[in-house]
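Remarks on the overall topology
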Amino acid sequence: MKVLVIGGGAREHALCRSLSLDPDVTALHCAPGNAGIAEVAELHGVNALDGQAVAELAAGLQADLVVVGPEAPLVAGVADAVRDRGIPVFGPSAQAARLEGSKAFAKDVMAAAAVPTARSYVCTTPEEIDEALDAFGAPYVVKDDGLAAGKGVVVTEDVEAARAHALACDRVVIEEFLDGPEVSLFAVTDGETVVPLQPAQDFKRAHDGDQGPNTGGMGAYSPLPWADPKLVDEVMATVLQPTVDELRRRGTPFSGLLYAGLAITSRGIRVIEFNARFGDPETQVVLARLKTPLGGLLTAAATGNLAALPPLRWSDDAAVTVVIASHNYPGTPRTGDPISGLAEVAEQDGPEAYVLHAGTRSDDSGAVLSAGGRVLSVTATGSDLTTARQRAYRAVGRISLDGSQHRTDIAAKVAGEAAGNTGNAAS
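Scope of this entry: the structure provided in the associated data block. Only a predicted model underlies this, so the values are computations on that prediction, with no experimental measurement involved. Just so you know, the residues in each chain are numbered from 1, in the order the chain's sequence is written. Local features in this predicted model are restricted to residues whose pLDDT is 70 or higher, and side-chain atom pairs enter the listing and the counts only when it is 80 or higher, whereas totals over whole chains, interfaces and linings include all residues. As a convention, hydrogens and water are excluded, and side-chain values are obtained from all of the structure's heavy atoms.

So, about the overall build of the protein. Each helix and strand counted, the protein has 13 helices and 24 strands in total. On the principal axes, the C-alpha backbone points of the protein span a range of 55 × 50 × 40 Å. Under the scheme applied here, a residue whose accessible area is under 20% of the maximum for its type counts as buried, over 50% as exposed, and between as partly exposed, the area being computed with a 1.4 Å probe on protein chains only. Counting across all 427 residues of the protein, residues that qualify as buried make up 57%. Contacts are assigned to residue pairs with any non-hydrogen atoms lying within 4.5 Å of each other. Long-range pairs, those at least 24 residues apart, make up 68% of the contacts in the protein with a sequence separation of at least 6. Note on areas: Shrake-Rupley with a 1.4 Å probe; residue coverage comes only from the protein chains shown. Accessible surface computed for the protein: about 16,600 Å², of which carbon and sulfur atoms make up 48%. Taking the average location of the 34 positive side-chain charges in the protein and that of its 54 negative ones, the two points are 3 Å from each other. Starting at the N terminus, helices and strands are each numbered in turn, a helix being any DSSP run of H or I of at least four residues and a strand any DSSP run of E of at least two. Under the counting rule used here, the positive set is Lys and Arg, the negative set is Asp and Glu, and His together with the chain ends is not counted. By convention, the point assigned to a charge is CZ for Arg, NZ for Lys, CD for Glu and CG for Asp.

Joining through side-chain atoms within 4.5 Å is the link that ties buried Ala, Val, Leu, Ile, Met, Phe, Trp, Tyr and Cys residues into a set, and such a set is a nonpolar core. In terms of nonpolar packing, the biggest core is built from 79 residues, with Leu4, Val66, Leu99, Leu240, Val320 and Ile399 touching the most fellow members. At eight residues, the largest contribution of residues to this core is made by helix H9 (residues 231-249). Beyond its immediate sequence surroundings of up to four residues, Leu99 is in contact with Phe105, Ala106, Val109, Thr243, Leu247, Phe254, Leu258 and Phe274. Core analysis: the second largest hydrophobic core is formed by 41 residues, Val67, Val195, Leu298 and Leu306 among them.

This part is about the side chain of Thr360. With respect to the element layout, Thr360 can be found in strand S21 (residues 360-362). Any pair of N or O atoms that falls within 3.5 Å is considered a polar contact. Within protein, one atom must be able to donate a hydrogen and the other to accept it, and sequence-neighbouring residues count only if both atoms are side-chain atoms. In this structure the side chain of Thr360 is engaged in a polar contact, spanning 3.0 Å, whose partner is the side chain of His357.

With that out of the way, let us pick up H9. The α-helix advances 3.6 residues per turn, and as a result positions three or four apart in sequence lie on the same side. Spanning 19 residues, H9 covers 26 Å between terminal C-alpha atoms, matching the ideal 27 Å at 1.5 Å per step. Its axis deflected by about 40 degrees at Ala237, H9 carries its strongest bend there. Along H9, the positions that sit buried rather than exposed are Leu231, Val232, Val235, Met236, Val239, Leu240, Pro242, Thr243, Val244, Glu246 and Leu247. On its buried side, H9 packs onto helix H5 (94-101), helix H6 (103-113), strand S10 (182-189), strand S11 (194-196), strand S16 (256-265) and strand S17 (268-275). The span one expects for a helix is its residue count, reduced by one, times 1.5 Å. The seven residues ending at a residue and the seven starting there each receive a fitted axis; the angle between those axes is the bend at that residue.

Let us now look at the sheet that holds S17. For two strands to pair, DSSP has to find at least two bridges joining them. The four strands lie next to each other as S11-S10-S16-S17, forming an open sheet whose pairing is antiparallel. Both outer strands of the open sheet, S11 and S17, are each paired with one neighbouring strand and no more. When the angles between neighbouring strand axes are averaged without regard to direction, this sheet yields 35 degrees. Convention adopted: a line fitted to C-alpha atoms gives each axis, helices being fitted over their contacting stretch, and angles between N-to-C directions are expressed from 0 to 180 degrees. Contacts from H9 reach S10, S11, S16 and S17, with the element oriented near 125 degrees to S16.

Attention now goes to the packing of helix H1 (residues 10-20) against helix H10 (residues 282-289). Contact geometry of H1 with H10 gives a least axis separation of 8 Å together with a crossing angle of 15 degrees. In terms of orientation, H1 and H10 fall into the roughly parallel class. Considering the relative orientation of H1 and H10, their crossing is left-handed. Seen from H1, the contacting residues are Ala10, Arg11, Ala14, Leu15 and Ser18; seen from H10, they are Thr283, Gln284 and Leu287. Three residue categories are used. Nonpolar comprises Ala, Val, Leu, Ile, Met, Phe, Trp, Tyr, Cys and Pro, charged comprises Asp, Glu, Lys and Arg, and polar comprises the others, including Gly. Classifying every residue of the contact of H1 with H10 by side-chain character gives four nonpolar, three polar and one charged. Our angle categories are set so that under 35 degrees counts as roughly parallel, over 145 as roughly antiparallel, 65 to 115 as roughly perpendicular, and the remainder as oblique. A clockwise turn of the near helix away from the far one marks a right-handed crossing, whereas an anticlockwise turn of less than a right angle marks a left-handed crossing.

Right, let's get into the packing of aromatic side chains. Here the aromatic set is Phe, Tyr and Trp, taking the six-membered ring for Trp, and pairing holds for ring centres within 6.5 Å; pairs whose planes are under 30 degrees apart are stacked, those over 60 apart are edge-to-face, and all others are tilted. Taken as a whole and judged by the stated rule, the model has five aromatic pairs. Where Phe90 meets Phe278, the ring centres are 6.1 Å apart and the plane angle is 35 degrees; that geometry is what we call tilted. Of the two residues, Phe90 is situated in strand S5 (residues 89-90) and Phe278 in the loop between S17 and H10; the sequence distance between them amounts to 188 residues. In this structure Phe90 comes out as buried when scored by relative accessible area, which is 3%. Between the aromatic rings of Phe186 and Phe278, the centroid separation amounts to 5.8 Å while the plane-to-plane angle is 85 degrees, which identifies the pairing as edge-to-face. Here Phe186, found in strand S10, pairs with Phe278, found in the loop between S17 and H10; they are 92 residues apart in sequence, far enough to count as distant. Like Phe278, Phe186 is buried. Among the aromatic residues, ring-to-ring pairing joins Phe90, Phe186, Tyr259 and Phe278 into one connected group. The side chain of Arg277 reaches across the aromatic face of Tyr259, ending 6.0 Å from its centre. To sit over a ring, a charge needs its Lys NZ or Arg CZ within 6 Å of the ring centre and within 35 degrees of the ring normal.

In the segment running from Ser222 into Pro223, the intervening peptide bond is cis, with an omega of 5 degrees. Of note, Pro223 is situated in the loop between strand S15 (219-222) and H9. Omega for the bond connecting Gly350 with Pro351 falls within 30 degrees of zero, at 0 degrees, which places this linkage in the cis form. Along the chain, the position of Pro351 falls in the loop between helix H12 (342-348) and strand S20 (353-357). One non-glycine residue, Asn328, lies in the positive phi region at around 80 degrees. Locating Asn328 in the fold gives a position in the loop between strand S18 (318-325) and strand S19 (339-340). Judged by relative accessible area, Asn328 falls into the partly exposed class, the value being 43%.

Turning our eyes to something else, we now look at the pairing of strand S23 (residues 374-382). Along S23, nine of the nine residues are buried, which leaves the element largely enclosed by surrounding structure. The pairing of S18 with S23 spans eight bridges and is classified as antiparallel. Bridging from a neighbouring strand, Val323 pairs with Ser377 of S23. Bridge count for S20 against S23 is five bridges, and the pairing is antiparallel. Residue pairing for S23: Val355 is matched across the bridge by Val378.

The structure is reproduced here in structure tokens:
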């Protein structure tokens, strides 16, 4: 099977890595890819947002499956363009991807499907914004209605900061604050059958102790030893299946990856947001634990055959990902800095620890340079979270990127370790 992956971040590197390990995948391509993806796939310089160009590339390659990674191409209709050429594609239509592309649309779908979520107001004027902020009080939760690369949400005690963010958006969703831990749960669906993956938890804030601004994600871990064993079944019954059923009822079936960001509140499970694609960095830890070949799973979803797929197989191991980000991220990042230590991680820490590239590129000499805000996702597995965490941080310690930053407390609390104490990783 020939597979073309669209995108160029760590999520796509994780997808390409898993696909490269699938014995049924005989050729792997990626557009545009990055320096790390180039090690496992042939790269193509195609604009990921150009549906016709992607469809032409897929047809030229005689691809058996196209996997669209990021949200922006999905909302732009890239999956539709590929489907129109008769090529199986893993990723929802532009209409179904509005579940991520518009917070207001997602709220409307959830209301129709009786999916539990935060109470909210959709605001377009300063007066509506002030009324909503007054109605809910602090802490204020303000979400840009459109795509914002994981950084369109502000949660703050400061009403002026909340108002400023809201006024900067054309359309904004203001909602009640949800207490309790957050969980990410992915599900693969063909528009009817829904197959949940293992839950993960990510870390959105830039700095240790969940301090600093929101980011696209600074790390993640799986499994969640503290979660109720019935969590996945409950989310399937109350959130994922009803949402897929409602979208099909509306004539816009959702086929691809449905991501539910959840809060486990004192009043039960509540949906924080939906995404229409694999999350980053949760994908890195979820796929590290998936034993079922990825190509077959995604193809079954793309061709409407998920119901016939055997139950997924999972490793008992734990996985931890730590994101290394550029200087000043999530502000305007510094790029073009050389990265060293990648070979040392491969030689000394593999296969239990490995590096997935996000914002990287190669120069003419073959050196790897930073090319974005989140630069690398260092991922490790182990028999438990403590072991996986130690291996991840040991690998992080081998990598050098001038001015880079990373959190030292990813999975620390659940692994029973103090923030910054990475055990053997400090050596």
